[in-house]
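Notes for the structure review
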Amino acid sequence: MTRMLIIGPPGSGKGTQAERISERLGVVAISTGDIFRANVKGETPLGIEAKKYMDAGDFVPDSVTNDMVRDRLSQPDAENGFLLDGYPRTTAQVDYLDQILADGQQELDVVLQLTADDEELVARLLGRAKETGRSDDNEAVIRHRLDLYHGQTEAVVAKYAERGILTKVDGIGGIDEVTERVLTAIESAKAV
Ligand code: AMP
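Parameters at a glance
Residues numbered from 1 in each chain as written. Predicted model: local features only at pLDDT ≥ 70, side-chain atom pairs only at ≥ 80, totals over all residues. Heavy atoms only, no water. Helix = DSSP H or I, 4+ residues; strand = E, 2+ residues; numbered from the N terminus. Buried < 20%, exposed > 50% of the residue type's maximum accessible area, 1.4 Å probe, protein only. Lys, Arg positive; Asp, Glu negative; His and termini not counted. Salt bridge = Lys/Arg side-chain N within 4 Å of Asp/Glu carboxyl O. Polar contact = N/O pair within 3.5 Å; in protein donor to acceptor, adjacent residues only side chain to side chain. Contact = heavy atoms within 4.5 Å. 1 Å grid on protein atoms, 1.4 Å probe; cavity = no way out; pocket = protein on both sides within 12 Å on 5 of 7 lines; lining within 4 Å. Points joined across faces, edges and corners; volume = space filled by probe spheres on them. Nonpolar A, V, L, I, M, F, W, Y, C, P; charged D, E, K, R; others polar. Near = heavy atom within 4 Å. Areas by Shrake-Rupley, 256 points an atom, 1.4 Å probe, with all protein chains shown as cover. Core = buried A, V, L, I, M, F, W, Y, C linked by side-chain atoms within 4.5 Å.

**Looking at the side chain of Arg3**
Checked against the element boundaries, Arg3 lands in strand S1 (residues 2-7). Despite its burial, Arg3 pairs with no opposite charge, the nearest such side chain being Asp109 at 5.4 Å. Among the polar contacts listed, one links the side chain of Arg3 to the side chain of Gln106, at a separation of 3.5 Å. Contact partners of Arg3, with chain neighbours within four places excluded, come to Glu79, Gly81, Phe82, Gln106, Glu107, Leu108, Asp109 and Val110.

**A few points about the layout of surface pockets**
For the second largest pocket, the calculated volume is near 160 Å³. Taken together, Arg70, Leu73, Ser74, Gln75, Ala78, Glu79, Phe82, Ile100, Leu101, Asp103, Gly104 and Gln106 form the lining of the second largest pocket. Elements with a contribution of two residues or more to the lining of the second largest pocket: helix H4 (62-73) and helix H5 (91-103). Counting residues per element, the lining of the second largest pocket draws most heavily on H5, at three residues. Taken together, the residues that form the lining of the second largest pocket break down as five nonpolar, four polar and three charged.

**Quick word on the site of the ligand**
Taken together, 16 residues lie near the ligand, and Thr32, Arg37, Asp58, Gly86 and Arg89 sit nearest. At 2.7 Å, a side-chain N or O of Thr32 approaches a nitrogen atom of the ligand. Within the backbone of Val60, a nitrogen or oxygen atom sits 3.0 Å from a nitrogen atom of the ligand. When the ligand sits alone it has 480 Å² of accessible area, and the protein chains cover 96% of it. Examining the composition of the shell around the ligand, we find that four residues originate from one element, helix H2 (residues 32-41), more than from any other.

**Quick word on the nonpolar core**
Judged by nonpolar contacts, the single largest core of 21 residues is most densely connected at Leu73, Phe82, Leu84, Leu97, Leu108 and Tyr160. Secondary-structure elements contributing two or more residues to this core are S1, strand S2 (28-31), H4, strand S3 (81-85), H5 and helix H7 (139-162). Beyond its immediate sequence surroundings of up to four residues, Leu108 is in contact with Arg3, Leu5, Phe82, Leu97, Leu101, Tyr160 and Ile165. Core analysis: the next-biggest nonpolar cluster, separate from the first, contains 15 residues, Ile21, Leu114, Val169 and Ile186 among them.

Have a look at this one:
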């Protein structure tokens, strides 16, 4: 049973890696960004609310995000493990996740951080913008999302490092190569 987080700046490939790890380890991958995008597409009230923030590259408020995560983690497929991608992004969300897990007498096993340099990320995201047409992939918004990562999400990483459950993985390289690095990192983290 494995409860994991994957954290990384926008464009670090965390979504792609999360899908692959989920397949290999047989745990469900839960991406808050994907849940928001599905709601935007379906024009649900949650999606309509979230879209304003997403298009600007801002965080969706905790009043929306936290309940959504609590609800998703309470689904039966997450009972025996999960890989959470894109949450928590702020220290307040870390506190909230601690509470969700404590309520279920659960603990995190591993927190993975994918690392990559900012200029590489901007180049990748501009490339992705052309392919997918994601509305939050233009340069000004990309830079804002990176600023939020450095300003807020790095403090999340520091918290898990203090707890001794953080593993950093170099996110630069081919997709398969990075997947192998991630799987090796998970194995060694679990062996500790
Ligand atoms: P992602 O696919 O992880 O890059 O997320 C896309 C967008 O969804 C982000 O830029 C935010 O607007 C929103 N989002 C995803 N996860 C969170 C979160 N944990 N807290 C707030 N907003 C989030």
